[in-house]
Amino acid sequence: MTTLMRYAGVGIVCLGLAMFVTGCGGKKTGGPVVELLPIEGNPLVSLRIVLNVGSAHDPAGKEGLAQLTLNLLANGGSRDLTFQEISERFYPMAARLGLRVDKEMSAFSGTVHVDNLEAYYAILRGMLLEPGFREEDFTRIKTNQVNFLERTLVNNMDEQFGKEILNLMLYEDHPYGRNEAGTVESVSNLTLDDVRSFYKEHFLRGNFTIGLAGGYPDGFVEKVTADFAALPEGRTPQLVLPETRMPSGLEFMIAEKQTPATAISMGFPVKLTRADKDFFALWIAGAHFGEHRQSLSLLFQKIREERGQNYGNYAYIEHFIQGRDKFPATNYARQQQYFSIWIRPLANSNRHFVVRQALRELRKLVEEGIPEERFELTRTYLLNYTRLYAQTLDERIGWQIDSRHYGTRDFLDDVQKRLPRISREDVNRAIRKHLNFDNVMIAVITEDAESLRDALIADTPSPISYANPNMPAEILQEDLVIQSYALGVRPETVRIAPATAFFRKAGLPME
């Protein structure tokens, strides 16, 4: 079947489905939205149930409620089945119900062989539309959520910990400025009645996008859509977000803990999303500077390959969550985005040097732009690499849902059409418009925080040494420049707090 025929077929199905949904009850229902990717003969079917509600919809003082509620659906029992019974029925199907919660969007997902589709969907339907809300499930999941905030995130996940501190810095007094899991204090006070209320308030037919991909049988789309169309009418209004605050100079938040390695996350808000005309040009710049887990990345080459400092040095022009392998996960769409750099794990002795090195490279990017050979290399790389983004049914329907969200017909198809038309000057214009090097928020997880603060404020030179006695002369010469690169950090923009103080209450902890 040609691409044109496939889209035409989907269009006919959607038109028929729209008429079907509109006909339910004899009046317009206002949802749910349906995204279809029918592939005749495919033995698998992927279901992606997207709720256009996330942690930014948590009521004040009840941070973590969205995640707790949705997790109770995905990992609790239904009205008719306990979670143990559900697990036992999913096991022989090799099936599960996944869940990801973000700021404004949450997604349930599962893939199953078509022979098990009816049985699988019957269970899924019960979990989402007829939840059990059992006290024992609530207690188990709430306890896990508190333990994640209090122990796992702070003690065992320094990369994620640093990203979450940066999120708190970027979005102080903003609906995004909270961990999806909430705070120890807020989650500890949540009740099962809070969960029931959140479910009742947001499980409205207009809040859902239903994605189906693969070899689903005739009538299945109508069946699923009718089930979700039976939810109460209405939709949660889109959040009206306040303007994000740009940092004033270099602003540091240092989380102190006993650790042999430092983690650094830095960034600032950017005023663009995938719907912006500059997105693809800035995307080339971001991939050139710090493509996720790729040796193509400039930061990877300068910090890891040339100097052997650490493992990971990445940069992103929008919120990034890793999905399968190294590829971006889908359904994390946001109204507001940010630029970020991740660096870890790094020897504590070299932390000051690498902060300087990363900011110096960012300055060179802003002031000098992307070199011609790097522009051609990165654009060609993205044209080929993005062909691997959607290899599974779940990924394909996920990208399709995101494309609709941002108002594009097919984002991955647009990559192939638009990147060849972008010039190096387009990229450099987008860099100058959206990136900067002197107003940056920087989260650092390290030990002996006071000595780092003193060194930052005093702009103390930060030489490094190598075990390798044969380092190239040009690297050592550049190190002399980096070790004295002036940062101009002001004392009032460096805060320190113990790692254990984070996520206990809303916002950044006080020093």
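What you are looking at is a predicted structure, and each value in this text was computed from that prediction instead of being measured.

**Focus: the sheet that holds strand 8 (residues 312-316)**
Item 1. The mixed open sheet is built from six strands, whose spatial order is 8-9-7-10-6-11. Edge positions in the open sheet fall to strand 8 and strand 11 (494-498), since each of these has one partner strand only. Neighbouring strand axes in the sheet, compared pairwise and without regard to direction, differ in orientation by 15° on average.
Item 2. Pairing of strand 6 (residues 250-256) with strand 11, which is carried by five bridges, proceeds in the parallel orientation. Considered in strand 11, the bridge of Ile254 is made with Ile496.
Item 3. Contacts between helix 6 (residues 158-170) and the sheet are confined to strand 6, strand 7 (261-270), strand 9 (337-347) and strand 10 (440-446), with strand 10 contributing the most and set at about 145° to the helix.

**Concerning empty space enclosed by the protein**
Item 1. For the structure on display, the rule yields three cavities of 30 Å³ or more.
Item 2. In this structure, the largest cavity occupies an estimated 330 Å³ of space.
Item 3. As for the largest cavity, its lining consists of 29 residues, of which Trp283, Tyr316, Glu318, Phe320 and Pro328 are closest to the centre.
Item 4. Here the lining of the largest cavity gets five residues from one element, more than from any other, and that element is helix 10 (residues 279-290).
Item 5. Classifying every residue of the lining of the largest cavity gives 17 nonpolar, seven polar and five charged.

**A closer look at the pattern of salt bridges**
Item 1. For the coordinates displayed, the defined rule picks out 39 salt bridges.
Item 2. The partner of Arg245 in a salt bridge is Glu251, with the nearest N and O atoms 2.8 Å apart.

**So, the side chain of Thr330**
Item 1. With respect to the helices, strands and loops of the structure, Thr330 is situated in the loop between strand 8 and strand 9.
Item 2. Ignoring sequence-local partners within four residues, the contact set of Thr330 consists of Arg48, Glu395, Gly398, Trp399 and Asp402.

**So, the pairing of strand 2 (residues 44-51)**
Item 1. Of all eight residues in strand 2, seven are buried, a share of seventy percent or more.
Item 2. Bridging between strand 2 and strand 4 (residues 106-113) involves eight bridges; their strand directions are antiparallel. Across the sheet, residue Arg48 finds its bridge partner in strand 4, namely Ser109.
Item 3. Judged from the seven bridges that link them, strand 2 and strand 5 (residues 208-214) form a sheet pairing that is antiparallel. Opposite Val50, over in strand 5, you have Thr209 as the bridge partner.

**A few points about a negative patch on the surface**
Item 1. There is a patch of like negative charges on the surface, built from Glu256, Asp448, Glu450 and Asp454.
Item 2. Relative to the assigned elements, Asp448 resides in the loop between strand 10 and helix 17 (449-458).
Item 3. Asp448 gets classed as partly exposed once you look at its relative accessible area, which sits at 42%.

**A short note on the sheet that holds strand 1 (residues 33-38)**
Item 1. Within the open sheet, the five strands sit side by side as 1-5-2-4-3. Their pairing is mixed. In this open sheet, the two edge strands, each paired with only one partner strand, are strand 1 and strand 3 (98-101). Strand after strand, the sheet turns through a mean of 15° between neighbouring axes, direction not considered.
Item 2. Looking at chain direction, strand 1 and strand 5 are connected through six bridges and run parallel. Directly across from Val33, in strand 5, lies its bridge partner Thr209.
Item 3. In the packing of helix 9 (residues 220-229) onto the sheet, contacts are made with strand 1, strand 2 and strand 5, and the angle to strand 5 comes to roughly 160°.

Each value, and the rule that gives it
- Residues numbered from 1 in each chain as written.
- Predicted model: local features only at pLDDT ≥ 70, side-chain atom pairs only at ≥ 80, totals over all residues.
- Heavy atoms only, no water.
- Pairing = 2+ DSSP bridges.
- Helix = DSSP H or I, 4+ residues; strand = E, 2+ residues; numbered from the N terminus.
- Axes fitted to C-alpha atoms, helices over the stretch in contact; angles between N-to-C directions.
- Contact = heavy atoms within 4.5 Å.
- 1 Å grid on protein atoms, 1.4 Å probe; cavity = no way out; pocket = protein on both sides within 12 Å on 5 of 7 lines; lining within 4 Å.
- Points joined across faces, edges and corners; volume = space filled by probe spheres on them.
- Nonpolar A, V, L, I, M, F, W, Y, C, P; charged D, E, K, R; others polar.
- Salt bridge = Lys/Arg side-chain N within 4 Å of Asp/Glu carboxyl O.
- Buried < 20%, exposed > 50% of the residue type's maximum accessible area, 1.4 Å probe, protein only.
- Patch = residues over 30% accessible without salt bridge, like charges linked within 9 Å, V, L, I, M, F, W, Y side chains within 5 Å.
- Areas by Shrake-Rupley, 256 points an atom, 1.4 Å probe, with all protein chains shown as cover.
- Lys, Arg positive; Asp, Glu negative; His and termini not counted.
- Charge placed at Lys NZ, Arg CZ, Asp CG, Glu CD.

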